[in-house]
Structure formats: structure tokens, C-alpha cells
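Commentary on secondary and tertiary structure
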Amino acid sequence: MGVVIVITSGKGGTGKTTVTGGVAAALSRVGRKVLCIDMDIGLRNLDITLGLHDRALLDFTDVALGRVPLERAVVSHPDLPGLWLLTAPMQLPGAIRQEAVQSMLYKARGAYDYVLIDSPAGLGSGFRLACSSADRAIVVSTSDASSLRDAQRTVEELAFLHQIHLVMNRIQPKLLRQLRATIDDAMDAAGLPLIGVVPEDPHVILSANQGRPLLPRTRPGAADACRNIALRLEGRQVPIMRIR
């Protein structure tokens, strides 16, 4: 059976969708079958991050409500054979029961090695729906104090999960030095073990505008950091990237 990982954050703008897409692409490149489910209803962007914005026609509510089977609703990536997307609707067509999502994810576990859920930011009903059936969680935060406080609040809401990890995203070394902050401070503030540090990288926006996933580059960037996170999810011992 596969594992369901919800990727979430306490506030918008932390880059959780970019992390979701980058980790999913990296897992597919090491031979894993990965399904990304965008559950950020009304604010979906995972299709753009993965370069699938013109392909995803059906959404996760079509599967959860029993209108179409999972295998018909998902969209395969043309360049990454092990990667599929199930997108979110622009608005919720009535109430979706948690039991319906649980049933959908049970089927997904049987078909994929990893199911990565891009959760809405914040702690509303969409967040609870996305997290209710997950096996583990990744909380994405930036280094600013408000983001870390919101991450800590998110952790409290995820107390029912046994495995929760922190990703520090959009890290700028000069800013950290100016604030006299460290990654250790961020870990202590959020109260989570660290699974990855992702640098601020202009190629994130460039790749999204070009409609393709992030690619590893000669100089370590966001794609390389997401690859390291993927390898850690696989149980490999990989050093945390040093941001310079």
C-alpha cells in the first residue's frame, strides 16, 4: 500500500504548492508512482506548477462523489511517466463528506506508491478535509516570525498524525544573517523535525511560466532541495542542503 502525505502550511505564500510539485517530480524520477491531489479548492495552482494546466479536466470531487473512477479522472504527465495529477474544482459542489475522501484515498493507496495532497493554507474546513485521511504531514514555512507561529498552530491541529516534518522554504541566507536567525531557531519555533531546506530560487517562477516542473541545475537550487526531501521520504540518509 502507498502512503498519503498532506503538504500544508499555516498561511499562504509559503510555497507549499511548489514544494509539492518539486517533491512529486523527484519521486517519479527515482521510479516511484506518484499521484498529486490538489485539494486547494478555488485557489488551485498545482496544475500550473506541474505544467498540466491544459490537461486536467476532471477533479477530485468527481471521484469522491462517485461520478467517475479514479483511473479515469487522473492526468498523466507527458514527460514524467510516474507522475499523475488529480486537480481541485474551482468551487465545491455541495458538501463533500470525509468518508468519501477516505474512500478515494484508500483506492489511491492501492494504485500509487505516494499520494501527495496539496492542502489549502490555514485551518478551515478545506484544511481539515485534506488532512483527515493522511498518513503523515509536511508543514511548509518560511523564516519569518508570523509564518513560524502559524506553522506551530498547524502542528497542533495535526496532533493525530504520528509523523510530521518541517520544510523551511524560500530561504535567503543574507536575510537570515540580518535577522540573526538560524534554521535551528526555526525548528525550535515550529516544534518539528526538519526534512528539508529549500532556497529562494528564481527558476521556480520561470519553470511555472514555462509550464514545466522544476529541473535540477548545476548550481544547487529548489529542485535539488526537493530531490533531497524525496530521498529522505524514501528513507535515505541525505545531508540537509546548506544555503549559501
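Before reading on, note that the structure itself is shown above.
These numbers come from a predicted model, not from an experiment.

Cut-offs applied
- Residues numbered from 1 in each chain as written.
- Predicted model: local features only at pLDDT ≥ 70, side-chain atom pairs only at ≥ 80, totals over all residues.
- Heavy atoms only, no water.
- Buried < 20%, exposed > 50% of the residue type's maximum accessible area, 1.4 Å probe, protein only.
- Helix = DSSP H or I, 4+ residues; strand = E, 2+ residues; numbered from the N terminus.
- Pairing = 2+ DSSP bridges.
- Contact = heavy atoms within 4.5 Å.

Here we come to the pairing of strand S6 (residues 136–141). Of all 6 residues in S6, 6 are buried; the element is thus mostly enclosed. A two-sided burial pattern is seen for S6, the buried positions comprising Arg136, Ile138 and Val140 on one face and Ala137, Val139 and Ser141 on the other. Direction of pairing for strand S1 (residues 3–8) relative to S6: parallel, over a ladder of 4 bridges. What sits directly across from Val6, in S6, is Ala137. Inspection of the sheet shows S6 paired to strand S7 (residues 164–171) by 5 bridges, in the parallel sense. By the bridge assignment for S7, Val139 is matched with Leu166.

This part is about the environment of Arg29. When you line up the elements, Arg29 lands in helix H1 (residues 16–29). Using a relative accessible area of 37% as the deciding quantity, one classes Arg29 as partly exposed. Leave out the neighbours within four places in its chain, and Arg29 touches Leu80, Pro213, Leu214, Leu215 and Pro216.

What follows concerns the pairing of strand S2 (residues 34–38). Taken across its 5 residues, S2 has 5 buried, putting it largely inside the fold. Burial of S2 is two-sided: the residues Val34, Cys36 and Asp38 facing one way and the residues Leu35 and Ile37 facing the other way are all buried. Pairing of S2 with strand S4 (residues 83–86), which is carried by 4 bridges, proceeds in the parallel orientation. Bridge assignment links Leu35 to a residue of S4, and that residue is Trp84. Two strands pair when backbone bridges link them, and S2 and strand S5 (residues 114–118) are joined in this way by 5 bridges, in the parallel orientation.

Interpretation note: all reported values are geometric properties and have no functional meaning in isolation.
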